[in-house]
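# Summary of structural features
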Amino acid sequence: MDSNRVVLMGHNYSTILGFARALGKKGYEVYAVRTGAGNYKSVVNKVLSKRPKPDSVSRFVKKFVMVNINDKDTVLRVLMKTVAPKNKRGVLIPVDDLCAMFIDSHLDLLRKRYLLPNVNNTQGGVNRLMDKGLQKKLAEEAGLPVAGGWTVVVENGKYCLPEEIKYPCFMKAQMPMASRKDYMAKCDNEEELIRALDKAAAYRDCKILIEEYIKIKQEYCVVGFCNREKVCIPEVIEETVLGHGPHAGVTCFGKVMKPDFMAGFIEKMRIFLGRLDFQGFFTADVFETDAGYIFCELNLRIGGSGTAVIGAGVDIVSMYVDALLEKADIPYDSVCNEITFASERPLLSDYVLGYISWKDYSDYIRTADFRFMFDKKDKAPYYSYSALVLSGIARRSLHMVRHRHKDQKG
């Protein structure tokens, strides 16, 4: 017998908060495991800091713990004992790549206590499918247009460059990596590509995907979940404003739309996804070009885009949990409203680091139909976030002073 407990796991307090609210309102018992790396300290049965993050004070989060994702033993102990229901299986949902990879690497152990994302019920299946080169091959077989691509294998700081690469090109990590935005670069010629690859090679052995550079008219994010061959795609997000620095590529401001305008492409997406034998959330990056829509990559987890969908009237996270627990028939067609949304966390980061002004930040928040932090039935997280904003204003001033001093020395 399965439990109604849902454990949310990831580093993004904004996504955990949005999902916890939706699940809590549906009567699910929500536990949150927020993760970090580096010097991030695990806090399991201790008092949190005096300035807690918004997700930790939500009335819909019954228990909140923090763990260092690199501390494997502590993470597994927390998942198997601290937050797992007794004598039943809960549902475990990762909200970032590292957590999805960690869960899949320990699938055989964790499945004893949870229903969780998987490919063909096989440990390592999700991690294998995160290979962007493999994704392009499978997508193309399903009839989806993709950009031309070449794989460069970096080993012991060395690599061989394929002669057939066309310029300009775009490089990125072929497998997800923690915060390595330096792997992403547009290169106009071989000299620039070698310089970018040398920088990546100095960090670690890896696979780099080199893609034909395509002029993009608009970027979209297709959001949904798979329950094996059944694929739910309730909406598409038009990515209007993207973040910078640590949040490069993250949607700060966007529009939730019904996917009807790209119906033919969505149908091919359903074919592609339905062949994967995947059970879990996904988001897919799609580019609109002069030649039509192009499949870019697939993420086998869900992040802030899921909260935006919830704001548009589709409780996608509860729909997914209901499907796993076989509680309800799932509408696998579009059911969303069209709204604009603002994601405060990356917007605040962009303000602190000087990428946008306070007016820009305020205008995005003010003009959005939906914001992630505010909820009339759960006000404490908004007050917590307001304290982060005040801290951010002070940090912005300090950042700008340091930046001016650096410019003067230069």
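Here the structure is a predicted model, which is why all the values come from computation and not from measurement. (Residues numbered from 1 in each chain as written. Predicted model: local features only at pLDDT ≥ 70, side-chain atom pairs only at ≥ 80, totals over all residues. Heavy atoms only, no water.)

## Regarding the sheet that holds strand β3 (residues 61-68)
- Across the sheet, five strands lie side by side as β3-β2-β1-β4-β5; this open sheet has parallel pairing. Two strands bound the open sheet, and with one partner strand each, they are β3 and β5 (114-115).
- The pairing of strand β2 (residues 29-36) with β3 spans seven bridges and is parallel. Each residue of the ladder has a partner; that of T35, found in β3, is V67.
- Each of β1 (2-10), β2 and β3 is contacted by helix α1 (residues 13-25), which is oriented at about 175° to β2, the strand it contacts most.
- In this fold helix α10 (residues 316-324) packs onto β1, β4 (89-94) and β5, with an angle of close to 140° to the strand it touches most, β4. (Pairing = 2+ DSSP bridges. Helix = DSSP H or I, 4+ residues; strand = E, 2+ residues; numbered from the N terminus. Contact = heavy atoms within 4.5 Å. Axes fitted to C-alpha atoms, helices over the stretch in contact; angles between N-to-C directions.)

## Points about the side chain of Q174
- Along the polypeptide, Q174 turns up in the loop between β8 (169-173) and β9 (185-187).
- Setting aside chain neighbours within four positions, we find Q174 in contact with M130, D131, K132, G133, T151, K207, I208 and L209.

## Quick word on the pairing of β1
- Summarising burial for β1: seven of the nine residues are buried, a large majority.
- Of the strand pairs in this sheet, β1 and β4 are connected by five bridges, and their pairing is parallel. If you follow V7 over to β4, its bridge partner there is L92.
- Where β1 meets β2, six bridges bridge the pair, whose relative direction is parallel. Along β2, the bridge assignment pairs V6 with V30.
- Since β1 and β2 lie parallel, the crossover through α1 that links them has a hand, and here it is right-handed. (Buried < 20%, exposed > 50% of the residue type's maximum accessible area, 1.4 Å probe, protein only. Right-handed = clockwise from strand over helix to strand, strands pointing away.)

## Some details on the sheet that holds strand β7 (residues 149-154)
- Spatially, four strands are ordered β7-β10-β8-β9 in an open sheet, and the strand pairing comes out antiparallel. Either end of the sheet is taken by a strand with one partner, and the two such strands are β7 and β9. Adjacent strand axes in the sheet meet at a mean angle of 25° when their direction is disregarded.
- Strand contacts of helix α6 (residues 132-141): β7, β8 and β10 (206-212), with the helix running at about 45° to β10, the strand carrying the most contacts.

## Quick word on the confidence of the model for the protein
- Per-residue confidence for the protein averages 90 on the pLDDT scale, and 91% of its residues sit at or above 70.
- Mean pLDDT per element in the protein: helix α13 (residues 380-409) is the minimum at 82, and helix α4 (residues 107-110) is the maximum at 98. (pLDDT = per-residue confidence, 0-100.)

## Points about α6
- Within α6, burial applies to K132, L134, Q135, K136 and A139.
- Buried residues along α6 sit against α5 (125-129), β7, β8, β10, α8 (263-274) and β15 (292-299).
- Sitting at the head of α6, D131 places a side-chain oxygen 2.8 Å from the backbone nitrogen of G133. (Polar contact = N/O pair within 3.5 Å; in protein donor to acceptor, adjacent residues only side chain to side chain.)

## Some remarks on the pattern of salt bridges
- Here the structure, examined in full by the defined rule, presents 17 salt bridges.
- Taking the shortest distance from any N to any O, the salt bridge between K172 and E297 comes out at 2.8 Å. Residue K172 is found in strand β8, and its partner E297 is found in strand β15; the two are separated by 125 residues along the sequence. (Salt bridge = Lys/Arg side-chain N within 4 Å of Asp/Glu carboxyl O.)

## Notes on the environment of K137
- Looking at the secondary structure, you find K137 in helix α6.
- Assessed through its relative accessible area of 47%, K137 is described here as partly exposed.
- For the pair formed by K137 and G149, sequence separation is 12 residues and the distance between their alpha carbons is 9.9 Å.
- One polar contact links K137 to E141, side chain to side chain, over a distance of 2.8 Å.

## Points about the packing of aromatic side chains
- Using the criterion set out here, one finds 17 aromatic pairs in the structure.
- On the basis of an interplanar angle of 50° and a centroid distance of 5.3 Å, the ring pair of Y220 and F261 is categorised as tilted. You can see Y220 sitting in strand β11 (residues 218-227) and its partner F261 sitting in the loop between β13 (251-257) and α8, a full 41 residues away along the chain.
- Taking the relative accessible area as the measure of exposure, Y220 reaches 6% and is therefore buried.
- With a centroid separation of 5.6 Å and 35° between ring planes, the pair formed by F253 and Y364 is classed as tilted. A residue pair is termed long-range when its members are at least 10 positions apart, and F253 in strand β13 and Y364 in helix α12 (residues 358-367) qualify at 111 residues.
- Judged by its relative accessible area of 11%, F253 is buried.
- Judged by relative accessible area, Y364 falls into the partly exposed class, the value being 22%.
- Connected via pairs of aromatic rings, a cluster forms that spans F19, F225, F281 and Y320.
- Just above the ring of Y213 sits the side chain of K186; from NZ or CZ to the centre is 4.5 Å. (Phe/Tyr/Trp six-rings, centres within 6.5 Å; stacked < 30°, edge-to-face > 60°. Lys NZ or Arg CZ within 6 Å of the ring centre and 35° of its normal.)

## Let's talk about the state of the cysteines
- Taken as a whole and assessed by the stated rule, the structure comprises zero disulfides.
- Take C169: it sits in no disulfide, and the sulfur closest to it among the cysteines is that of C187, at 4.8 Å.
- Looking at the unpaired C221, the closest cysteine sulfur is the one in C296, lying at 11 Å.
- Owing to a relative accessible area of 5%, C221 belongs among the buried residues under this scheme. (Disulfide = S-S within 2.5 Å.)

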